[in-house]
Structures are given as structure tokens and as C-alpha cells.
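A look at the structure
Each chain, written out:
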Amino acid sequence: MAYREAVIVGAVRTPVGRRGGILRQWHPVDLLGQTLRTLVDRAGVDETLIDDVIAGCVLQNEEQGSNLGRHAVLAAGLPESVPAVTVDRQCGSGQQAVSFAAQAIMADCADLVIACGVESMSRVPMPPAMTPGAPLGPQYSPRELNRYSPDSDSGALMAQGASSELMNTRFGLTRAELDDFSARSHERAWAATQDGRFTSQLVPLTVDPADPASEPITVDEGIRPSIDREKMSTLRTVFAEDGMTTAANSSQISDGAAALLIADRDFAERHGLVPRARFRALSVAAADPVIQFTAILDATDKALKRSGLAVDDIDLFEVNEAFAGVPLMFQKHFGIPDDKLNVNGGSVAIGHPLGSTGARMLTDLVFELERSSKTLGLQTICEAAGTANATIIERI
């Protein structure tokens, strides 16, 4: 079989809205459907050539249940012949959708695939286990809980917020470091917004989805133009009285969608599609489910090894800001310079619509590599229960 190279030929994302904010009226199927419609229209691709749509979504119930991806294809007005599937790898679901799409193309199982993600955290509530102080949910079986019990060597399983405090302690992070990083996330995201860096990737939306003449949505709602650093330092901690994690140094609960068009390079060139980036490595890893966040280190090591690259070869890093401690842990472990890490802010400022964040981050990364004329980018996301994805792309 001839070598097949998977390439990104299109990428878009919606502005990200706060929970209960500017996107609250959008049904998640329509939000993703509008994103798919925009992606296909901007690429100018023949819709009948799309082999599959792979959608990431975490809260797959209520309006996001029953294979949301297929419903979004129909809502987008794409041909009925276009199939779709919905996947869940927690916060990395959108990134995993990209990996599955690229792998299908590399394996000669498809020529053209849309990888995407969506989450409406306004319309589909988080389960109780994801809220501070709540017990673990029914997905944790008696045998799993017995393996990770309070008296075991590993310690007891807990919600991610509580695990963030374990991470803060283990990696020697301070409250000041977490708050400084979070303030920087807003500053960088606002500067990028003011500079128009996000404009060309955004999906056109209005506040009222039934009225195209209603107020347009053109910016990410959660970004703060200015941060009161003194006030931030006085916020109470959320998950431990003597802890460091606060609402201000954690990702925002949000709504949003993103999508990428991925093709075989030869196929793309035959059909007038312009390759923008190629995949150098795709990896997934798993580590301690108690601390939950360290698998991004293992996934990154795997991706670098598979690509034959070193950390110093990478021009830009995108590390999901589930909590500010996650990219700080990554930065300390690998020695990443500030000017390479989350250069346009991250989920602390922009927001974290769970299933879409991976696709949103990769979209941002593609556009930023092009804008800055840089070559190599690495993206990684931590995921509940101790897994993580990493992706390395090269601008073409």
C-alpha cells in the first residue's frame, strides 16, 4: 500500500460562550451543525465526498444524546449519505476525534473526514460528581473503588478539582504562580482578540439562532479585558480549605463547537483543497487516575518519540488549561519557555466546552503557526481518570 499522508485542509470554531451566556439559546446539534456548514462552505469541498464525521462530546445525554454527530450532519444540511459517530475521551474528545480521522486516512479507510466537537454546558448540566464536594458517580464500580480505596497505596479516587490540589502539591506550585498564569491567559487571549488573530477562524453566529438579524457573536465571552490581580488573590479556594485552586485559576464552564477537515494529501490536491498542516505524531497515554493530570507528560514523550523530534524542536505548545497547574506542571517538567506556551491564552480565559476544546485548540494552533510563520506545534490535553492525548502537527 502506498504511503498516505493525513493533512488538515480546513479548520473553524465558534466563539466560546459562558454557561448561561451568549450561546445559551443554541441547541448543541444546531451549534455543531452550523460549524460543519461553515467548514464545508469555506473549504469549497464537494459534500458527497465526505466519508465520515467524527464528533467529540462528553455529556452525551438529553440534547447531546443519541449520536449527536449524526443529528448535526442532518442539521447542517449535509447529504444524508454522510455518516457520523460520537466519541467520548472526556476533555480530549475533540482531539481524539481528530486522531481517529487522521488514522482512518492513513490506513486507507477514508479520503476525507470531518473531526469535530461540541459541548453546551448551558443546556446539558454537568453530573453531580463533577461539582465540588459531590460524591463520585455510579460509573465508578465497586471493584474500581476497592482498588483505589483510602487505605490503598495509590489513594482514593476523587473528582478532578480535588486532584488538582494533589498536583499543585506534588509539583511544588504556589497560589501566586497559578494566579499569575491565569491572569496571563486572559491578557494573551484579549491581546489576540484585539489583534484579530481569532477572527478568520470563527463561525458566524447570532445570539438568537432563529433570527439572523439579531446581535452577532464575534468574540469569546469569557475573556476579561483586564484582571484585578489583587482581587484574584483574595478568592477562596474551591476544593480544599488550605488549597490553591480557585474559580479564577480554573477553566471556565462553557459552550462551543469546532471542526477540522482532514484529507489524504494526494486526494486533497486532486480536488483543489489546500493542505495547511500534516500530522507528525498522534499518541494517547494513561497514568495515575488519582492525580489524573500527569498522563500529558507520558503522551508527549510518546509523540516526540514517534515523530523523532525533541522538545526543543517544537515551536508552539498548546496545553489545555483545565486548571492553571496543568500547563505549569508541563512547563516545569519539559522546561518550556513562556513565549512558546499557550501564546494566545487558553481555557482559563477562553473557556472549556468539554467535547469541543481539543478541536478548538488544534484550530487555534493551525492558525497561529500560519500567522507566526512557525513550523511545528504540539497539543496535549489531560482527561478524567488519568488519560491524555498528544498531537504534533507541521505547517505546510
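Only a predicted model underlies this, so the values are computations on that prediction, with no experimental measurement involved.

**Brief notes about the packing of aromatic side chains**
Applying the stated criterion across every chain, the model contains 4 aromatic pairs. Arranged with centres 6.2 Å apart and planes meeting at 85°, the rings of Phe239 and Phe323 form a pair that is edge-to-face. You can see Phe239 sitting in the loop between helix H7 (229-234) and strand E8 (254-264) and its partner Phe323 sitting in the loop between strand E10 (316-319) and helix H10 (325-334), a full 84 residues away along the chain. Its relative accessible area of 29% is what places Phe239 among the partly exposed residues. Classification of Phe323 as buried rests on a relative accessible area of 11%. Ring geometry for Phe293 versus Phe323: centroids 5.7 Å apart, planes at 75°, classification edge-to-face. Pair noted here: Phe293 is in the loop between strand E9 (277-286) and helix H9 (295-307) and Phe323 is in the loop between E10 and H10, with a separation of 30 residues, a long-range link. Judged by relative accessible area, which is 0%, Phe293 ranks as buried. Connected via pairs of aromatic rings, a cluster forms that spans Phe239, Phe293 and Phe323. Between the NZ or CZ atom of Arg13 and the centre of the ring of Phe198, over which it lies, the distance is 4.8 Å. The ring of Phe367 has Arg276 sitting right over it, with the charged end atom 4.5 Å from the ring centre.

**Here's the deal with the nonpolar core**
By size, the foremost hydrophobic cluster in this structure holds 39 residues, and its most contacted members are Leu32, Leu36, Val53, Leu112, Ile114 and Cys116. Put simply, the parts of the chain that give this core at least two residues each are strand E1 (6-13), helix H1 (28-43), strand E3 (52-56), helix H2 (68-75), strand E5 (112-120), E8 and helix H8 (265-270). With 6 residues, the top contributor of residues to this core is H1. If you look at the next biggest cluster of nonpolar residues, it comprises 36 residues, including Phe181, Ala295, Phe317 and Leu378.

**Topic: the packing of H1 against H2**
The relative placement of two packed helices comes down to the angle between their axes together with the axis-to-axis distance. With their axes 8 Å apart at the nearest point, H1 and H2 run at an angle of 60° to one another. Viewed along their axes, H1 and H2 adopt a mutual orientation that is oblique. When you trace H1 past H2, the crossing you get is right-handed. Packed against H1, whose contacting residues are Pro28, Val29, Asp30, Leu32, Gly33 and Leu36, the element H2 presents Leu68, His71, Ala72, Val73 and Ala75 at the interface.

**As for H1**
Helix length check: H1, at 16 residues, gives a terminal C-alpha distance of 23 Å against a target of 22 Å (1.5 Å per residue), a fit within 8%. Buried residues along H1 sit in contact with E1, E3, H2, E5, strand E6 (205-206) and E8. Downstream of H1 by one or two residues, Gly44 has phi in the positive range, about 70°.

**Thoughts on the state of the cysteines**
Enumeration according to the criterion identifies 0 disulfides in this entry. Cys382 takes part in no disulfide bond, and the closest cysteine sulfur, belonging to Cys91, lies 6.2 Å away. Exposure remark for Cys382: the relative accessible area of 1% places this residue in the buried category.

**Comments concerning the environment of Trp26**
As for its placement among the helices and strands, Trp26 is situated in the loop between strand E2 (17-18) and H1. Considering only alpha carbons, one finds Trp26 and Ile227, 201 residues apart in sequence, at a separation of 29 Å. Beyond its immediate chain neighbours, meaning those up to four positions away, Trp26 contacts Leu31, Gln34, Ser120, Arg123, Leu205, Thr206, Val207 and Pro209.

**With respect to the packing of helix H6 (residues 175-194) against H10**
Relative orientation of the contacting elements H6 and H10 amounts to 105°, with a least axis distance of 9 Å. When the interaxial angle is binned, H6 and H10 end up roughly perpendicular. Between H6 and H10, the contacting residues are Glu177, Leu178 and Phe181 on the first element and Gly325, Pro327, Leu328 and Lys332 on the second. Residues of the contact of H6 with H10, tallied by class, amount to 4 nonpolar, 1 polar and 2 charged.

**Section: the environment of Pro125**
Within the element layout of this structure, Pro125 appears in the loop between E5 and helix H4 (142-147). Owing to a relative accessible area of 46%, Pro125 belongs among the partly exposed residues under this scheme. For the pair Pro125 and Asn61, spaced 64 residues apart in sequence, the C-alpha to C-alpha distance is 9.4 Å. When sequence neighbours within four positions are dropped, the list of residues in contact with Pro125 reads Leu59 and Glu62.

The rules behind the values
Sequence order as written defines residue numbering, which begins from 1 separately in each chain. Only residues with pLDDT of at least 70 get local features here, since the model is predicted, and only at 80 or more are side-chain atom pairs given and counted; chain-wide, interface and lining totals rely on the full set of residues. In computing side-chain properties, one takes all heavy atoms of the structure into account and sets aside hydrogens as well as water. Pairing of aromatic side chains requires ring centres within 6.5 Å, counting the rings of Phe and Tyr and the six-membered ring of Trp. Pairs whose planes differ by under 30 degrees are stacked, by over 60 edge-to-face, and all others tilted. Counting from the N terminus, the helices are DSSP H or I runs at least four residues long and the strands are E runs at least two residues long. Note on classification: 1.4 Å probe, protein chains only; a residue is buried when its accessible area is under 20% of the maximum for its type, exposed when over 50%, partly exposed between these limits. The rule is short: NZ of Lys or CZ of Arg within 6 Å of the ring centre and within 35 degrees of the ring normal puts a charge over the ring. To define a nonpolar core, start from buried Ala, Val, Leu, Ile, Met, Phe, Trp, Tyr and Cys residues and group those joined through side-chain atoms within 4.5 Å. Here an axis means a line fitted to C-alpha atoms, over the contact stretch when the element is a helix, while the angle between two N-to-C directions is reported on a 0 to 180 degree scale. In what follows, roughly perpendicular refers to angles from 65 to 115 degrees, roughly parallel to angles under 35, roughly antiparallel to angles over 145, and oblique to any angle outside these ranges. A crossing counts as left-handed when the near helix is turned anticlockwise from the far one by less than a right angle, and as right-handed when that turn is clockwise. Note on contacts: a residue pair is in contact if any heavy atoms of the two residues lie within 4.5 Å. Expected span of a helix: the number of residues minus one, times 1.5 Å. Counting rule for disulfides: a pair of cysteine sulfur atoms within 2.5 Å. The nonpolar class holds Ala, Val, Leu, Ile, Met, Phe, Trp, Tyr, Cys and Pro. Asp, Glu, Lys and Arg form the charged class, and all remaining residues, Gly among them, are polar.

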